[in-house]
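If you want the building blocks of each chain, they are given just below.
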Amino acid sequence: QQPVQSPQAVILREGEDAVINCSSSKALYSVHWYRQKHGEAPIFLMILLKGGEQKGHDKISASFNEKKQQSSLYLTASQLSYSGTYFCGTLDQTGANNLFFGTGTRLTVIP
Amino acid sequence: EAGVAQSPRYKIIEKRQSVAFWCNPISGHATLYWYQQILGQGPKLLIQFQNNGVVDDSQLPKDRFSAERLKGVDSTLKIQPAKLEDSAVYLCASTENRGAAGYTFGSGTRLTVV
């Protein structure tokens, strides 16, 4: 039930854009996105509920394609502070309220 | 608001010893989770509580792991006896609304079994 993320790792220069994808084999109720810096707890970024919505704040946004069971996280004009590992978490429609985390995408932003 | 509190921050034990972790969730959050995160991987759910009741412990290795949440607030996770493969970070998280709100994670306990 673990969602698959791509790419596994990406290196950006400050100001560049990146897209991280999350794909599940299950029909999804919602998708969460978290960022985790080395040695720290995952920090909640946003949640997308079924309905194909797109959300965002500042220069980080995400979309959720319910039909394809996919979500994408968009980081624009990246900053050094964006570095970390990004995880998507998925809740499926079986009624189980357990978040399954993806494999993670390590993002490194360099000056 | 105060975050999710966990202790200890680090723990080193020998295999076959026992260890316990403590978690205090955000006040008012009825749902509490324990996750195990092995280095380089995403967090893996061990157990979910709703108030003081267990909602899902299907992925908890019950022969050695146990958890409780007395009075629906604090929670403890115990491993007895520990194995080398239990070395990981144990994260506690809470949420105010299962399924429709983000999770707030504690800083975790880094367990090393030698």
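So, here's what we can say about the structure. (Residues numbered from 1 in each chain as written. Chains lettered and ligands numbered in written order. Predicted model: local features only at pLDDT ≥ 70, side-chain atom pairs only at ≥ 80, totals over all residues. Heavy atoms only, no water.)

**Structural notes on the state of the cysteines**
Following the criterion strictly, the structure yields two disulfides over all chains and no others. Here Cys-22 of chain A is linked by a disulfide to Cys-88 of chain A, with a sulfur-sulfur distance of 2.1 Å. Torsion about the S-S bond of the Cys-22 of chain A and Cys-88 of chain A cystine: about 70°, corresponding to right-handed handedness. On the criterion of sequence distance, the pair formed by Cys-22 of chain A in strand β3 (residues 18–23) and Cys-88 of chain A in strand β9 (residues 84–92) is long-range, its members being 66 residues apart. Exposure class is identical for Cys-22 of chain A and Cys-88 of chain A. Each is buried. Bridging Cys-23 of chain B to Cys-92 of chain B, the disulfide has an S-S length of 1.9 Å. Here Cys-23 of chain B and Cys-92 of chain B share a disulfide; its torsion about the S-S bond, -65°, makes the bridge left-handed. (Disulfide = S-S within 2.5 Å. Helix = DSSP H or I, 4+ residues; strand = E, 2+ residues; numbered from the N terminus. Buried < 20%, exposed > 50% of the residue type's maximum accessible area, 1.4 Å probe, protein only.)

**Considerations on the interface of chain B and chain A**
In this assembly, 23 residues from chain B lie in contact with 20 residues from chain A. Summed over the shared surface of chain B and chain A, the number is zero salt bridges. Connecting chain B to chain A are four residue pairs in polar contact (both at pLDDT 80 or more). Looking at the side of chain B that touches chain A, the elements that each hand over two or more residues are β4 (31–37) and β5 (44–50) of chain B. In terms of residue count, the dominant contributor to the side of chain B that touches chain A is β4 of chain B (three residues). Considering only residue class, the side of chain B that touches chain A consists of nine nonpolar, 10 polar and four charged. (Contact = heavy atoms within 4.5 Å. Salt bridge = Lys/Arg side-chain N within 4 Å of Asp/Glu carboxyl O. Polar contact = N/O pair within 3.5 Å; in protein donor to acceptor, adjacent residues only side chain to side chain. Nonpolar A, V, L, I, M, F, W, Y, C, P; charged D, E, K, R; others polar.)

Note that every value here comes from positions in space, so none of it alone points to a role or purpose.
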